[in-house]
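Breakdown of the fold
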Protein chains: 2
Amino acid sequence: MKSMAAYNGREIPKEDKVFAASGKALDAVAKYGADKVINATVGALYDDEGRLIVLKSVEETMKSLPAASYAAYAPIAGTPGFKKAIVKAALGDFEPKSYIGVVGTPGGTGAIRNAVANYSQPGDRILTHSWHWAPYKSISSELYRGIERFEMFDAEGGFNIEDFGYKVKKLTRNQEHLVIILNTPANNPTGYSLSMDDWYGVKAVLDEVPMDKKIALVLDVAYIDFAGEPGEVREFLKVADNLRANILPIIAYSASKTFTLYGGRCAAMICLAHSPEVADEFVKVCSFSARASWSNSPRAPQEVIERIYSDEDLLKAVEQERAAARKMLLARGRAFEEEAAAAGLEIVPFRAGFFVTIPCDDPDGLCRKLEEKNVFLIPLDKGVRVSVASSSEAKCRRLPAIIKEAMES
Amino acid sequence: MKSMAAYNGREIPKEDKVFAASGKALDAVAKYGADKVINATVGALYDDEGRLIVLKSVEETMKSLPAASYAAYAPIAGTPGFKKAIVKAALGDFEPKSYIGVVGTPGGTGAIRNAVANYSQPGDRILTHSWHWAPYKSISSELYRGIERFEMFDAEGGFNIEDFGYKVKKLTRNQEHLVIILNTPANNPTGYSLSMDDWYGVKAVLDEVPMDKKIALVLDVAYIDFAGEPGEVREFLKVADNLRANILPIIAYSASKTFTLYGGRCAAMICLAHSPEVADEFVKVCSFSARASWSNSPRAPQEVIERIYSDEDLLKAVEQERAAARKMLLARGRAFEEEAAAAGLEIVPFRAGFFVTIPCDDPDGLCRKLEEKNVFLIPLDKGVRVSVASSSEAKCRRLPAIIKEAMES
């Protein structure tokens, strides 16, 4: 007996490319030393010395938790204090007129999974942009849905509203439900953020959807708190809060990056509903999915976030630490952009965030060439992803010329 | 717009009965004081003063973790040290001849979810016993599978091998794949543990399954470390390790009870495969499901368990503390049994564990009557569940007469 599993139409790869690349990078660091290696594979924020950044204020709050507060089960949708706090964290100063529903999840993946499970049907296609986080496809596939991609950029490098509109029309012709996933601001892998004009374009498309079609607009904002000033990066919320009744915005908000609690597994899905019934239904169906997939979510990070938002000084400390880390990250991104321009290295439209993407025809080949120089990137379908989050500013300055050279060799 | 969700054939209840009952119990405690209330709703081990038991040695290990060790992402299937440690914890001194595969999950729910997703097909029926943990049905429903129940006990109160055999035959007639979930030892909700004779009966049934049918035998052993002596409660492993090649045993082993880390969300699924290919496939498909459902699992409990198993003294301390807690729990169960016999209260066959179940015709009505006396239990389909884990021995002694009286009033 060589196989016992039921594949159920899922394409299950032998190995995870991200994991494989990061493993090779760690081997190289062990062999040659950290200063001889550029490990730009990691999706977490590292300091210039190559250490994972954990906000001190978050660490101290974690240390202060009494055992019963992390050892006990949390309610399925999260503790009441966490739910209140995470809405504040996600929305900032924005006060929506929509009805809010909140369900905690173990990371952003769980939020997206629950949105797909509850707002589309088996066999449906989920719509997202052409440059996208690979797990969107796996999540859809695990739930017997497919993926449809709209071209993210037009010939001028602008957000491709036309193709977005075309695909929304195409899919709603045959589907009663449509889940759309937009990963912005500071998109993974490109670092692109939709402008307010892009957002008005999205709204115009959604305004045209017939009222008997139901759209869940999933906004994966995993990188929002490292994308720019807190108020500015949340400006789009006024558009999301002002869509028609057949469009349900669902914000997938993760504590992984915002609170540097990647391994803590904490996030929330937050809906902006037109009616209390739709908000209640959201909580009900997403709680059911949680109960039937992972049950309750980890309690420790929920307790930490509740404590942060019930202590003004602590909140200020967290925000200041995060602002410093964000400043460092934004400087790295700008450094990479400048040197890419100087070296004549084309990059996919970039605004901010953890990653920059370089379009290329043979991503696996390019990564292999770079590995010989102890430079480790992630190969995508049509480009390579560089983590500026895990590379010092000095390394970000050196990278574009190294990549350009490898592309031409 | 009153509804936006796609129900996809799932029966989604308005409210969770366990959550509702436990909420009422907590209200009563707040109003009347803990000594006036018996809250036997909770699925966690409490001391006689009504406090959640957290093993001190586990708590101290948690406190000792450096921030980077819990804040970083764990690999999808778990850290290497955790995977090694959790197999030791699950199997104890037993050395299987089968090939082991391990994938960490955020709690036992995730392990069962992944087993159903990867070893059955949409539309299939999952087989379990008539008294079962309610989420088995939700998990199956969320994945577009149904549930088939075999009668757990025969007329003499023995494990009903005959009906088990009949249902296995019936389902394998039409399904290529069959997932069977057995929750033993110390079954939730009954406290029943399969005897070795029961196990040989299970083996005899499985030996008859045609070789072109593929069976995943999911053993939910969530309560194993509170079911009796560590060696004795693992004796069944020699049967699981000795099945035919078309039967894949998958042990769902949870850290929730064993390490009192309920809210930490840590468990593992461990397969006992006939071939390295099947073990590798298990890791591959279950890792894919993890990546596409919750991504990686929480790191802190993985680090704690790795540390415990790499420090002999610490391991001994954990085991001694757990043994004391187990002794307390077993005494509560015996106290309940004795008083039930004295009061003439029928109980479902009980061996050990967190729960005892009383069969009755109107579980909701009985629970309502008991609530008037500040006694809180969980209503099931055909009985009420009493948590001896959350009630002192003294309360366990009082409960049977109180329940008997309410049944007759």
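Scroll up to find the structure this text is about.
Every value quoted in this text rests on a predicted model; they were computed, and no experiment measured them. (Residues numbered from 1 in each chain as written. Chains lettered and ligands numbered in written order. Predicted model: local features only at pLDDT ≥ 70, side-chain atom pairs only at ≥ 80, totals over all residues. Heavy atoms only, no water.)

**Focus on the nonpolar core**
One finds F336(A) and F336(B) to be the most contacted residues of the largest nonpolar core, which totals 212 residues. Contact partners of F336(B), with chain neighbours within four places excluded, come to L345(B), I347(B), V356(B), I358(B), V386(B), V388(B), C396(B), L399(B), P400(B) and I403(B). (Core = buried A, V, L, I, M, F, W, Y, C linked by side-chain atoms within 4.5 Å. Buried < 20%, exposed > 50% of the residue type's maximum accessible area, 1.4 Å probe, protein only. Contact = heavy atoms within 4.5 Å.)

**Here's the deal with the sheet that holds strand β11 (residues 378-379) of chain B**
Each strand in a sheet pairs with another by means of backbone hydrogen bonds, the pair being arranged parallel or else antiparallel. Residues and elements named next belong to chain B. Here three strands make up an open sheet; going across it, the order is β9-β12-β11 and the pairing antiparallel. Either end of the sheet is taken by a strand with one partner, and the two such strands are β9 (355-359) and β11. Here β9 runs beside strand β12 (residues 383-387); their pairing, made up of five bridges, is antiparallel. Opposite F355, over in β12, you have S387 as the bridge partner. (Pairing = 2+ DSSP bridges. Helix = DSSP H or I, 4+ residues; strand = E, 2+ residues; numbered from the N terminus.)

**Overview of the interface of chain B and chain A**
Every contact between the two is made by 82 residues of chain B and, on the other side, 82 residues of chain A. Buried area between chain B and chain A, summed over both chains or domains, comes out near 6800 Å², and the portion from carbon and sulfur atoms is 59%. Taken as a group, M1(B), M4(B) and F288(B) account for 12% of the area that chain B buries against chain A, more than any other trio of residues on that side. The salt bridge partner of K2(A) is E277(B), with a shortest N-O separation of 3.2 Å. Across the contact surface, chain B and chain A share 47 residue pairs in polar contact (both at pLDDT 80 or more). Only α2 (56-64), α3 (67-71), α5 (108-119), α6 (135-142), β6 (214-220), β7 (247-254), α10 (255-258) and α11 (276-291) of chain B provide two or more residues apiece to the side of chain B that touches chain A. (Buried area = accessible area lost by both parts, 1.4 Å probe. Salt bridge = Lys/Arg side-chain N within 4 Å of Asp/Glu carboxyl O. Polar contact = N/O pair within 3.5 Å; in protein donor to acceptor, adjacent residues only side chain to side chain.)

**Some thoughts on unusual backbone geometry**
Of the consecutive residues T184(B) and P185(B), the connecting peptide bond is found in the cis state with omega at -5°. Structurally, the position occupied by P185(B) is in the loop between β5 (177-183) and α8 (196-207). The residue after N188(B), namely P189(B), is reached through a cis peptide bond having omega 20°. Mapped onto the elements of the fold, P189(B) is located in the loop between β5 and α8. The backbone of N8(A) sits at a positive phi, close to 50°, despite the residue not being glycine. Along the chain, N8(A) turns up in the segment before α1 (17-32). For N8(A), a relative accessible area of 17% gives the class buried.

**Remarks on the side chain of S295(A)**
Residue and element names in this part refer to chain A. Take S295: it is sitting in the loop between α11 (276-291) and α12 (299-309). For S295, a relative accessible area of 5% gives the class buried. Within polar-contact distance, the side chain of S295 engages the side chain of N296 at 3.2 Å.

**Here we look at the environment of A292(A)**
Along the chain, the position of A292(A) falls in the loop between α11 and α12. Take A292(A): its relative accessible area is 0%, and that puts it in the buried class. Spatially, the C-alpha atoms of A292(A) and D313(A) are 38 Å apart, while their sequence positions differ by 21 residues. In this structure, A292(A) is in contact with T109(B), R113(B), S138(B), I139(B) and E142(B), ignoring residues within four places of it in sequence.

**Focus on the sheet that holds strand β3 (residues 125-129) of chain B**
Residue and element names in this part refer to chain B. With respect to topology, seven strands assemble into an open sheet ordered β2-β8-β7-β6-β5-β3-β4, the strand pairing being mixed. At either end of the open sheet lies a strand with only one pairing partner, and these are β2 (99-105) and β4 (146-150). Each neighbouring strand pair of the sheet contributes to a mean axis angle of 25°, computed without reference to strand direction. Here β6 runs beside β7; their pairing, made up of six bridges, is parallel. Across the sheet, I215 pairs through a bridge with I247, a residue of β7. On top of the sheet, α11 reaches β2, β7 and β8 (267-273); it is set at about 10° to β2, its chief contact. (Axes fitted to C-alpha atoms, helices over the stretch in contact; angles between N-to-C directions.)

**Some points on the pairing of strand β12 (residues 383-387) of chain A**
All names here are of chain A. β12 sits mainly inside the fold: five of its five residues count as buried. Side chains of β12 alternate between two faces, with G383, R385 and S387 and V384 and V386 buried alike. Here strand β11 (residues 378-379) pairs with β12 via two bridges, running antiparallel. Paired with I378 across the bridge in β12 is R385. Two successive antiparallel strands, β11 and β12, enclose a turn made up of three residues.

By themselves, these figures tell us nothing about what the structure is for.
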